[in-house]
Amino acid sequence: MRSILLYANEDSGTIDRVEAALNIAGAFNAHLHCLQMITPDTFVAMDPFGGVYPMFDLLEDMREREAKNRQEIDARLQRADAPRTWITGTRYPRSSALERMALVDLTIVSIPQKIELGDRPPAPARLATQSNTPVLAVAPGGSRFDSYANAMVAWNGSAEAARALRAATPLLARAQGVTIVTLQEGKEQGLAPTDAAEYLGYYEIKSEIRELPQSDRIPSEVLSETAAELSASYIVMGAYGHARLQERIFGGVTQALSTNSNVSLFMAH
């Protein structure tokens, strides 16, 4: 992981994202690409007849705020002697991120608050499913991300879980402990947790397997509680292991954890 894309706009999770990025950059001697974009529709007004009017005073105010935010973040990165490049402009952040994700090893964003989402799927999951690059979604105000702390792998035997595990191997090699957690669903699905443990063993990564009994409880809540019990700094998981439409209608682990997890999520699709 030598090239990392960091979403650097100002919000409630900015500091947590920056600290996570510095942690990983220090562990891998990585270069940070700091993405800071102003969304066009935040300074454009429309009248009932379809007229579009840019509000230049608002745009200038936003530019000043983001410039101050950039100075504060850059000072923090400079103190840590982190190699960095700034990417700024007036575009939609998600389209800019997807464009840049093609040539980075990891993208760092935040887990959004439910009130910020409305009916939209969470951005971390969308980014993970629309790119081949893994996404680290940092929990704002939750457990501090630490590359060298315990890690938990949420395993359901799917191809998405396998891709996430492979992508996370460099991180897992530095973890203090790795636990593969699987929920027994009454039938075998895909690859067994022992297959995941065997794969990690090829990289001399020791892991434990914890099989949780089948229950009527919500899977995302069970996984969150287990992560807390394990003192896990992050959860490795596949993004949308079932059909995304099905997850959207009935909810699912990806949808739930991507909006309310207190632990950071390392996701791949």
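For clarity, every value in this text was computed on a predicted model and none was experimentally measured.

## Notes on the packing of aromatic side chains
Argument step 1. Under the defined criterion, the tally for this structure stands at 2 aromatic pairs.
Argument step 2. Ring centres of Phe145 and Tyr234 lie 5.4 Å apart, and the angle between their planes is 40°; this geometry places the pair in the tilted category. Of this pair, Phe145 sits in the loop between strand S7 (135-138) and strand S8 (150-155) while Tyr234 sits in strand S11 (residues 232-238), and the two are 89 residues apart along the sequence. As far as the burial class goes, Phe145 and Tyr234 line up, both buried.

## Some thoughts on helix H7 (residues 193-202)
Three or four residues apart is the spacing at which side chains of an α-helix point the same way, because the helix has 3.6 residues per turn.
Argument step 1. Listed as buried for H7 are Pro193, Ala196, Ala197 and Leu200. One side of H7 holds all its buried residues, which, seen down the axis, span an arc of 100°.
Argument step 2. On its buried face, H7 sits against S8, helix H6 (159-172), strand S9 (178-183) and strand S10 (208-212).
Argument step 3. Phi for Glu204, located one or two positions after H7, is positive at around 60°.

## Some points on the pattern of salt bridges
Argument step 1. A full pass over the atoms with the stated rule returns 5 salt bridges.
Argument step 2. Close ionic contact of Arg76 with Glu19 constitutes a salt bridge, the shortest N to O distance being 2.7 Å. Of this pair, Arg76 sits in helix H2 (residues 56-79) while Glu19 sits in helix H1 (residues 14-28), and the two are 57 residues apart along the sequence.
Argument step 3. The class for Arg76 is partly exposed, based on a relative accessible area of 27%.
Argument step 4. Across the pair Arg210 and Glu229 runs a salt bridge, and its minimum N-O distance is 3.4 Å. Here Glu229 lies in helix H8 (residues 219-229) and Arg210 lies in strand S10, a separation of 19 residues in the sequence.

## Observations concerning the pairing of strand S2 (residues 31-37)
Regular strands show a simple pattern: their side chains alternate between the two faces of the sheet.
Argument step 1. In terms of burial, S2 is a largely internal element, 5 of the 7 residues being buried.
Argument step 2. As paired strands, strand S1 (residues 3-7) and S2 are joined by 5 bridges and run parallel to one another. The residue bridging Ile4 from the neighbouring strand is Leu32, located in S2.
Argument step 3. Where the polypeptide runs from S1 across H1 and back to S2, its parallel neighbour, the crossover connection is right-handed.
Argument step 4. Relative to strand S5 (residues 84-89), S2 runs parallel, the two being bridged by 6 bridges. Looking across to S5, one finds that Cys34 is bridged to Trp86.

## Some words on the sheet that holds strand S6 (residues 106-110)
Argument step 1. Strands sit in the order S5-S2-S1-S6-S7-S12-S11-S8-S9-S10 across an open sheet of 10 strands; the sheet is mixed. Of all the strands in the sheet, just S5 and S10 have a single pairing partner and so form its edges. With direction set aside, neighbouring strand axes in the sheet form an average angle of 20°.
Argument step 2. Against the sheet, H6 engages S8, S9, S11 and strand S12 (264-268), with an angle of about 145° to S11.
Argument step 3. Seen against the sheet, H8 touches S8, S9, S10 and S11 and runs at an angle of roughly 155° to S9.

## Some remarks on the packing of H8 against helix H10 (residues 253-260)
Argument step 1. Where H8 contacts H10, the axes come no closer than 9 Å and their chain directions differ by 50°. The angle between the axes of H8 and H10 places the two elements in the oblique class. Remark: the crossing between H8 and H10 carries right-handed chirality. Residue-level contacts link Pro219, Ser220, Leu223 and Ser224 of H8 to Val253, Ala256 and Leu257 of H10.
Argument step 2. Across the contact of H8 with H10, the residue classes break down as 5 nonpolar, 2 polar and no charged.

Rules behind the numbers
Residues numbered from 1 in each chain as written. Predicted model: local features only at pLDDT ≥ 70, side-chain atom pairs only at ≥ 80, totals over all residues. Heavy atoms only, no water. Phe/Tyr/Trp six-rings, centres within 6.5 Å; stacked < 30°, edge-to-face > 60°. Helix = DSSP H or I, 4+ residues; strand = E, 2+ residues; numbered from the N terminus. Buried < 20%, exposed > 50% of the residue type's maximum accessible area, 1.4 Å probe, protein only. Arc of directions from axis to C-beta. Contact = heavy atoms within 4.5 Å. Salt bridge = Lys/Arg side-chain N within 4 Å of Asp/Glu carboxyl O. Pairing = 2+ DSSP bridges. Right-handed = clockwise from strand over helix to strand, strands pointing away. Axes fitted to C-alpha atoms, helices over the stretch in contact; angles between N-to-C directions. Parallel < 35°, antiparallel > 145°, perpendicular 65-115°, else oblique. Left-handed = near helix turned anticlockwise from the far one by under 90°. Nonpolar A, V, L, I, M, F, W, Y, C, P; charged D, E, K, R; others polar.

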